[in-house]
Amino acid sequence: MPTTEAMVEAFERFLALDVANGDAAEDTVYTYQRRLIQYIDWCDEQSINPALATQEDVKLFRRYLVQSKHQKSATVALTLSVVRRFYEAALSKGLVKENPAAQIKPPKEKLDPAERVTYLQEEELKQLLAVIPHDGSRKSLRDRALLGIMALQGPRTVELHRANFGDLVRSGSNWGLRVEGKGSIRTIPLRPDLSKVLWQYLQARESAGEKLIKDSPLFVTASHRFEGQRLSRRGIRWIVDEYLVAAKLKTTENATEGRRLSAHSLRHTAGTLGLRKGADLRQVQDLLGHKDPKTTALYAHVNDRHAFNPALGIDVEV
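As a convention, each chain's residues are numbered from 1 in the sequence order in which they are written. Under the rules for a predicted model, residues below a pLDDT of 70 receive no local features and side-chain atom pairs below 80 are neither given nor counted, while totals for whole chains, interfaces and linings still include all residues. Here the side-chain values reflect all heavy atoms present in the structure, with hydrogen atoms and water set aside.

## Concerning the nonpolar core
In step 1: To form a nonpolar core, buried Ala, Val, Leu, Ile, Met, Phe, Trp, Tyr and Cys residues must be joined to one another through side-chain atoms within 4.5 Å. Here the term buried applies to any residue with accessible area under 20% of the maximum for its type, exposed to any over 50%, and partly exposed to those in between, with areas from a 1.4 Å probe on protein chains only. In this structure, Leu128, Leu146, Leu147, Leu198 and Phe219 are the most contacted members of the largest nonpolar core, which totals 50 residues.
In step 2: Counting residues per element, this core draws most heavily on helix H6 (residues 138–153), at seven residues.
In step 3: If we ignore the near neighbours within four places in the chain, the residues touching Leu147 are Leu128, Leu129, Ile132, Ile239, Val240, Tyr243 and Leu266. What counts as a helix is a DSSP run of H or I of at least four residues, what counts as a strand is a run of E of at least two, and both are numbered from the N terminus. When checking whether two residues touch, look at their non-hydrogen atoms; a contact exists if any pair is within 4.5 Å.

In structure tokens, the structure reads:
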């Protein structure tokens, strides 16, 4: 009887050799490992040997994720995908005879996809950026560049976390930032005012004695304890939340609106406002690095839902 340890070892080899063609990001590997641990722990609590798990067992695990952990459909889908790949890896090594998770699907999404698009109106974006100090300090320069790039150019949090000094690309008098995320690399064009603030931040770091080389993190921490270390994804989210709270934008006053802004909302802001200001879908898709144009179309749907409501053209009074 194969042990759970042998199956996990096969999965770890799969992570190293097969995910992202052998070049999986550290965050991706961590996510896969964490999801698998959740499944193995659940099996242990239910006295189920993962090597003997049946399709019904995996269905029970799915129900546990939905009813006990209150996970949304997208989160359940990711967890089930990891479990499915766990068994695929074991199957390839002859440790199991079948994949009990092969046909198990997540529950259907009950949320209007457009409702996931939380973004700032243009006046709210101005309000957010206005609370960042303009005192010329390294921290204020960093935060102005960081939030400005996120809200106007739309990179993912992980992409800015990974970005290095050497990823800055010059094209004539313009600057761009090469980013890597979701298995692809693209170059984000930077507005002149954003590149100016970013270079002021980098020059401030050099003036403080830091020697910037190709692999130097683009954004680093400002705390005394961890000063100079690469800014983590959690750190980026914390910085954005700090300014959203300061600008009184973190949550809407009217609870029925259900809007709760986050760092990812800045990415939605770039896409939504970009379309509203006249950019076409293809331009915004390229900017945000969406593989599927349907994802970008959600931003257009948010913009057009009320302005182009078909009911507005019906000439009746209520």
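Let's pick the thread back up.
## Quick look at unusual backbone geometry
In step 1: Even without being glycine, Ser47 reaches a positive phi, approximately 55 degrees.
In step 2: You can see Ser47 is positioned in the loop between helix H2 (26–45) and helix H3 (55–68).
In step 3: Positive phi is not limited to glycine here, since His70 has a value of about 55 degrees.
In step 4: Mapped onto the elements, His70 comes out in the loop between H3 and helix H4 (73–92).
In step 5: Residue His70 is classed as exposed on the basis of its relative accessible area of 64%.

## A short note on the packing of aromatic side chains
In step 1: Each Phe, Tyr or Trp ring (for Trp, its six-membered ring) is paired with any other whose centre lies within 6.5 Å, and the angle between the two planes then decides the class: stacked below 30 degrees, edge-to-face above 60, tilted in between. Within the structure shown, the criterion is met by 13 aromatic pairs.
In step 2: Centre to centre, the rings of Tyr39 and Trp42 are 6.4 Å apart; their planes meet at 20 degrees, and the pair counts as stacked. Of this pair, Tyr39 and Trp42 both sit in helix H2, three residues apart, which is roughly one turn of the helix. The pair Tyr39 / Trp42 is uniform in exposure class, with both members buried.
In step 3: Summarising the aromatic geometry, the rings of Tyr39 and Phe61 are spaced 5.0 Å apart at their centres and angled 75 degrees between planes, so their arrangement reads as edge-to-face. Taken together, the residues Tyr39 in helix H2 and Phe61 in helix H3 connect sequence positions 22 residues apart. By the burial criterion, Tyr39 is buried, and Phe61 matches it.
In step 4: Through pairs of rings, three or more aromatic residues link up here, namely Phe11, Phe14, Tyr39, Trp42, Phe61, Tyr64, Phe86 and Tyr87.

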